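Inside the fold
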Amino acid sequence: MFNCETVRADFPILNRQIHSQPLVYFDNAATSQKPKAVIQAISDYYTGYNSNIHRGVHTLSGEATDAYEGARGRIGRWFGTEDLGEIILLRGATEALNLVAASLAHNLRSGDVILVGTTEHHANIVPWQQLETSIGIKIVPIPVDSRGTLSLDKARELTRNNRVKVIAIGHVSNAIGAVNDAAGFVSLAREINAFSVIDGAQAAPHMRVNCALLGADFYVLSAHKCCGPTGIGVLIGRRALLDELPPWQGGGDMIDRVSFSGTTYNELPWKFEAGTPNIAGTIGFAAALDYLEKIDFDGAIAHENRVHRHLIKAMKSRKSVELLGNPENWVSVCSFNIKGAHPNDVGTLLDQLGFAVRTGHHCAMPTMEHFNLPGTCRASLAFYNSIDEVDAFIEGLDRVAGMLAG
Ligand code: PLP
């Protein structure tokens, strides 16, 4: 049974004081905090069996390889992927999206169309834009409705252009928190024989994601938003496609044989993992998933959603507050502005009171452009946040609004 108070004790950083106030950490969409179990797993690796993987015959290398490959298995079990060849371990969601775009480029021709959600993080826009420049593909944004959710119907209309070859959307938008109909977009892509690319960086921390059930061609996510370390992310792709795609980066580990007369490549997943990977980070991510299982992840999500609803309700009751979006299916994020105030001023004053929120465009400039905003303040929750913290935040925000009005 999930218990918020017990769980909070697992996160040492939550005891910090900021400007002599207890820290209230509402910047989880940027990165989550790390429980002791994750910090310990990383420390155990460096103190007990630090070694490079795969190529060594000595004991430490064997232990590190077992832990690294065991972590891949853990990740596979969590995300419903049995075939571990389909799990590519990378530096983050950004790197995973760059890999997908660069590799798919070989299947695309000038004039082909890529549908990209209007509310994407830059990581799911810029790699596709680079293909506009290099091979002349065309990006068409998928419209967003007034509530902040990507419109599947409008996307379907756009697919009347029979040159649509890729549909790339975020499972959850990072600036709004809208849960998009990932399954709907995946089946739309399948209907028109296009590739589906789902950016799950903001979904994985807030819901069970089963990649086998979802059936996307490519699903990417990031460990550091799921209580894991920074610098580790995952691409889960379909074997048949990954097998056909050329390797992305060249170097050690991704090869079978190298000779000046020609090089052959390793099998999946290593074909896409050139160089020494983030061994400690991968082990830390597996520890994070073990931890999430242990605390009752489903109970944790239910608690987080309750706290989120409490926050949204309180924010909606404030006349001085303007919310960005109002999605039917909404998780974690509350993006807002105080009328007449700049988000940076609001964020700075909130920090003085101990509240950590993010301000600005949240790496989603087209979202801001669409809603005609310079930026927002973004409070984003995790399961270790409490109703009491939200109440304190609302009180703090009222004070800040009063200061800025005065
Ligand atoms: N996609 C979304 C929706 C994000 O929110 C983020 C990070 O904020 C990223 C991609 C980039 O993830 P990473 O930090 O793993 O590169």
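Quick look at the structure, then.

1. With respect to the overall build of the chain
Helix and strand counts for the chain come out as 14 helices and 17 strands. In terms of overall dimensions, the chain is globule-like: its C-alpha atoms have a radius of gyration of 22 Å, near the 22 Å expected for 406 residues. Its C-alpha atoms give the chain principal-axis dimensions of roughly 75 × 55 × 35 Å. Looking at the 406 residues of the chain, the share that counts as buried comes to 56%. Intrachain contacts of the chain at a sequence separation of at least 6 include 71% that bridge at least 24 residues.

2. Things to note about the sheet that holds strand β13 (residues 321-323)
Taken together, the four strands give an open sheet; going across it, the order is β13-β14-β17-β16, and neighbouring strands pair in antiparallel fashion. Each of the sheet's edge strands pairs with one partner strand only, and the pair in question is β13 and β16 (358-360). On average, each strand axis in the sheet is inclined to that of its neighbour by 35°, with strand direction left out of account. Helix α11 (residues 297-316) contacts β13, β14 (333-338) and β17 (376-380) of the sheet and is inclined by roughly 20° relative to β14. Each of β13, β14 and β17 is contacted by helix α14 (residues 387-405), which is oriented at about 20° to β14, the strand it contacts most.

3. Here we look at the packing of helix α2 (residues 36-49) against helix α10 (residues 279-294)
It is the contact of α2 with α10, at a shortest axis distance of 8 Å, that shows an interaxial angle of 145°. Once α2 is placed against α10, the crossing between them reads as right-handed. Note on element contacts: α10 touches α2 through Ile279, Ala280, Ile283, Gly284, Ala287, Ala288 and Tyr291, opposite Ala37, Val38, Ala41, Ile42, Tyr45, Tyr46 and Tyr49.

4. Some remarks on the sheet that holds strand β8 (residues 195-199)
One open sheet accounts for seven strands, arranged β4-β10-β9-β8-β7-β5-β6; its pairing is mixed. Whereas interior strands pair on both sides, the edge strands pair on one side only; in this sheet they are β4 (87-90) and β6 (138-142). For this sheet, the mean inter-axis angle between neighbouring strands, taken without regard to orientation, is 20°. As paired elements, β8 and strand β9 (residues 218-222) share three bridges and run parallel to each other. Bridge assignment links Ile198 to a residue of β9, and that residue is Tyr219. Across the sheet, helix α4 (residues 93-104) touches β4, β7 (164-170), β8, β9 and β10 (233-237), and the angle it forms with β9 is around 155°.

5. A word on α14
The end-to-end C-alpha separation of α14 is 27 Å, in line with the 27 Å expected for 19 residues at 1.5 Å each. By the burial criterion, the buried members of α14 are Glu389, Val390, Phe393, Ile394, Gly396, Leu397, Val400 and Ala401.

6. Some details on helix α7 (residues 182-191)
Among all positions of α7, only Ala182, Gly184, Phe185, Val186, Leu188 and Ala189 are buried. Lining the buried residues of α7 we find β6, α6 (152-158), β7, β8 and α8 (211-214).

7. A closer look at the packing of aromatic side chains
Applying the stated rule across the entire model yields 12 aromatic pairs. Centroid distance Phe11 to Phe383: 6.1 Å. Interplanar angle 65°. Geometry classified as edge-to-face. Residue Phe11 is located in the loop between α1 (4-8) and β1 (17-18), and its partner Phe383 is located in the loop between β17 and α14; the two are separated by 372 residues in the primary sequence. Since its relative accessible area comes to 0%, Phe11 is described here as buried. For Phe383, a relative accessible area of 4% corresponds to the buried category. A ring pair is formed by Phe11 and Tyr384, whose centres lie 4.6 Å apart and whose planes are at 50°; its orientation type is tilted. Pair noted here: Phe11 is in the loop between α1 and β1 and Tyr384 is in the loop between β17 and α14, with a separation of 373 residues, a long-range link. Classification of Tyr384 as buried rests on a relative accessible area of 0%. Taken together, the ring pairs in this structure connect Phe2, Phe11, Tyr291, Phe383 and Tyr384 into an aromatic cluster. Positioned above the aromatic ring of Trp78, the side-chain terminus of Arg208 is 4.9 Å from the ring centre.

8. Looking at the site of the ligand
Taken together, the residues surrounding the ligand are Gly92, Ala93, Thr94, His121, Ala123, Asn174, Asp199, Ala201, Gln202, Ser222, His224 and Lys225. Asp199 is positioned with one of its side-chain polar atoms (N or O) 2.6 Å from a nitrogen atom of the ligand. At a separation of 2.7 Å, an oxygen atom of the ligand approaches a polar side-chain atom of Gln202. Split by residue class, the shell around the ligand holds three nonpolar, seven polar and two charged.

9. Looking at the nonpolar core
The biggest cluster of nonpolar side chains holds 73 residues, and the ones touching the most others in it are Phe79, Ile167, Phe285, Leu292 and Phe383. Among the elements that make up this core, the one with the highest residue count is α10 (nine residues). Structurally, this core is a two-domain feature, drawing no fewer than three residues from each of domain 1 (4-30 + 296-405) and domain 2 (39-292). Those residues within four positions of Phe79 in sequence are excluded, and the remaining contacts are Ala204, Val209, Asn210, Cys211, Ala212, Leu221, Ile236 and Phe285. Grouped together as the second largest cluster of nonpolar side chains are 32 residues, Ala93, Ala96, Val166 and Leu245 included.

Cut-offs applied
- Residues numbered from 1 in each chain as written.
- Predicted model: local features only at pLDDT ≥ 70, side-chain atom pairs only at ≥ 80, totals over all residues.
- Heavy atoms only, no water.
- Helix = DSSP H or I, 4+ residues; strand = E, 2+ residues; numbered from the N terminus.
- Rg over C-alpha atoms; globule rule 2.2 N^0.38 Å.
- Buried < 20%, exposed > 50% of the residue type's maximum accessible area, 1.4 Å probe, protein only.
- Contact = heavy atoms within 4.5 Å.
- Pairing = 2+ DSSP bridges.
- Axes fitted to C-alpha atoms, helices over the stretch in contact; angles between N-to-C directions.
- Left-handed = near helix turned anticlockwise from the far one by under 90°.
- Expected span 1.5 Å × (residues − 1).
- Phe/Tyr/Trp six-rings, centres within 6.5 Å; stacked < 30°, edge-to-face > 60°.
- Lys NZ or Arg CZ within 6 Å of the ring centre and 35° of its normal.
- Near = heavy atom within 4 Å.
- Polar contact = N/O pair within 3.5 Å; in protein donor to acceptor, adjacent residues only side chain to side chain.
- Nonpolar A, V, L, I, M, F, W, Y, C, P; charged D, E, K, R; others polar.
- Core = buried A, V, L, I, M, F, W, Y, C linked by side-chain atoms within 4.5 Å.
- Domains from an automatic or database assignment.

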